[in-house]
Amino acid sequence: MMRLVNDPCGIFCILFTYTSIIYADYVVIQWVVLHTMQDSLWASFHIVLFNTFLLLLTVSHLRAMFSDPGTVPLSHTNVSLSDLRQVNEPLVKREDWTMCTRCEAYRPPRAHHCRICKRCIRRMDHHCPWINNCVGEKNQKYFVQFLFFVCIISAYTIMLVIMSWVRECQQCKMYDLDTRQTQVLHSVILIMESALFGMFVIAILYDQIDAIYSDQTTIEQTAYKRSNSLHRYLFSIICRWPKISRSTSKLNIRSV
């Protein structure tokens with residue numbers, strides 16, 4: 001089901017993300033590959049491979065953005081509470097289901113209410129403005145794929161820029177000073193963009209893999225641990241990571 005959350009911050013982050021992707025593709029092709037490898041077969045190889053990774057990144061991002069993260073049906077739908085309890089929850093006791101006081105939906109255990117989407121999400125990990133959607137039970141795999149391809153492209157971009165600086169380029173000597181300065185400027189901006197996005201995404205990817213391995217969402221990890229690490233505090237600002245106080249208990253989370 002196609003869905004787009006009407007969140008100004010999320011829409012801005014999406015526009016910024018695709019602007020960065022288009023700029024990276026432009027610089028890599030125009031100012032890194034063609035500028036320094038135009039007479040080599042490596043130019044075609046790097047252009048095809050880089051754009052293949054970009055295509056995979058875009059597809060995984062769009063699927064994470066438009067996929068249903070696991071929205072719990074509202075109580076005013078035709079689905080009854082008994083039917084809801086039977087869907088993919090054969091071993092869950094009925095008393096484990098709760099009523100959300102915000103959207104008034106009957107929800108299974110480990111479902112949480114998102115104040116941005118204004119709905120309860122099954123196994124909600126967090127709301128990410130970079131996909132303008134929640135990361136939940138049904139779209140977490142697409143989110144992890146998106147993070148993985150961002151890491152690959154960031155490392156690949158930095159490698160290409162360094163190669164263009166180190167590799168001796170006979171054609172580059174033919175360019176005037178302004179052209180060479182422009183090439184250096186674009187390369188510096190691109191390598192800074194790739195390094196910042198890469199470091200940030202690697203940290204998030206590590207958290208996602210840890211959450212999958214431990215079978216605990218970020219909300220649950222944050223609630224059950226006594227202290228929050230520095231990177232989780234930064235994520236709460238940059239990526240709307242769940243900000244839960246130390247005194248939060250399991251009962252409080254399930255009644256949100």
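The rules behind these values
Residues numbered from 1 in each chain as written. Predicted model: local features only at pLDDT ≥ 70, side-chain atom pairs only at ≥ 80, totals over all residues. Heavy atoms only, no water. Helix = DSSP H or I, 4+ residues; strand = E, 2+ residues; numbered from the N terminus. Buried < 20%, exposed > 50% of the residue type's maximum accessible area, 1.4 Å probe, protein only. Contact = heavy atoms within 4.5 Å. Areas by Shrake-Rupley, 256 points an atom, 1.4 Å probe, with all protein chains shown as cover. Expected span 1.5 Å × (residues − 1). Axes fitted to C-alpha atoms, helices over the stretch in contact; angles between N-to-C directions. Parallel < 35°, antiparallel > 145°, perpendicular 65-115°, else oblique. Left-handed = near helix turned anticlockwise from the far one by under 90°. Nonpolar A, V, L, I, M, F, W, Y, C, P; charged D, E, K, R; others polar. Phe/Tyr/Trp six-rings, centres within 6.5 Å; stacked < 30°, edge-to-face > 60°. Core = buried A, V, L, I, M, F, W, Y, C linked by side-chain atoms within 4.5 Å. pLDDT = per-residue confidence, 0-100. Pairing = 2+ DSSP bridges.

**Some thoughts on the overall build of the protein chain**
Summing up its helical and strand segments, the protein chain has eight helices and six strands in all. Traced from its N-terminal end to its C-terminal end, the protein chain shows the element sequence α-α-α-β-β-β-β-β-β-α-α-α-α-α. The 256 residues of the protein chain split such that 46% are buried. For the protein chain, restricting intrachain contacts to residue pairs at least 6 apart in sequence, the fraction spanning at least 24 positions comes to 69%. When the accessible area of the protein chain is evaluated, it comes to approximately 14300 Å², of which 63% is carbon and sulfur surface.

**Some thoughts on helix α5 (residues 177-214)**
Here α5 spans 55 Å end to end across 38 residues, near enough to the 56 Å set by a 1.5 Å rise per residue. The first or second residue beyond α5 is Asp 215, which carries a positive phi of 55°.

**Digging into the packing of helix α2 (residues 41-66) against helix α4 (residues 140-166)**
Put simply, α2 and α4 touch, their axes get as near as 8 Å, and they point 155° apart. Taken together, the axis directions place α2 and α4 in an arrangement best described as roughly antiparallel. Like other packed secondary-structure pairs, α2 and α4 cross with a definite hand, here left-handed. Contacts from His 46, Leu 49, Phe 50, Phe 53, Leu 54, Leu 56, Leu 57, Ser 60, His 61, Arg 63 and Ala 64 in α2 reach Tyr 142, Phe 143, Gln 145, Phe 146, Phe 149, Val 150, Ile 152, Ile 153, Tyr 156, Thr 157, Leu 160 and Met 163 in α4. For the contact of α2 with α4, the residue count by class is 17 nonpolar, five polar and one charged.

**Focus: the packing of aromatic side chains**
As enumerated under the stated definition, the model contains eight aromatic pairs in all. Ring centres of Phe 12 and Phe 16 lie 6.3 Å apart, and the angle between their planes is 20°; this geometry places the pair in the stacked category. Pair noted here: Phe 12 and Phe 16 are both in helix α1 (residues 8-36), with a separation of four residues, about one helical turn. Judged by its relative accessible area of 55%, Phe 12 is exposed. For the pair Phe 50 and Tyr 156, a centre-to-centre distance of 6.0 Å together with 50° between the ring planes defines the contact as tilted. Taken together, the residues Phe 50 in helix α2 and Tyr 156 in helix α4 connect sequence positions 106 residues apart.

**Quick notes on the nonpolar core**
The biggest cluster of nonpolar side chains holds 39 residues, and the ones touching the most others in it are Phe 50, Leu 57, Ile 131, Phe 143 and Leu 147. Elements with a minimum of two residues in this core: α1, α2, α4 and α5. It is α4 that contributes the most residues to this core, 12 residues altogether. Look past the residues within four positions of Leu 57 in its chain and what remains in contact with it is Ile 21, Phe 146, Phe 149, Val 150 and Ile 153. With eight residues, the next largest nonpolar core counts Ile 116, Met 124, Cys 134 and Ile 219 among its residues.

**So, the confidence of the model for the protein chain**
Across the protein chain, the average pLDDT comes to 81, with 74% of residues at or above 70. Predicted confidence for residues 244-256 stays below pLDDT 50, and this span has 25 contacts to residues more than four positions away or in other chains.

**Some thoughts on the pairing of strand β3 (residues 111-114)**
Where burial is concerned, the two faces of β3 agree: the one with Ala 111 and His 113 and the one with His 112 and Cys 114 are both buried. Where β3 and strand β4 (residues 119-122) come together, four bridges link them in antiparallel fashion. The partner of His 113 across the bridge, within β4, is Cys 120. Joining the antiparallel neighbours β3 and β4 is a turn of four residues, in which Lys 118 adopts a positive phi near 60°.

**A few points about unusual backbone geometry**
Positioned with a positive phi, Glu 104 is a non-glycine residue whose angle comes to about 55°. The phi dihedral of Asn 132 falls on the positive side, at around 50°, and the residue is not glycine. Relative to the assigned elements, Asn 132 resides in the loop between β5 (126-128) and β6 (133-135).

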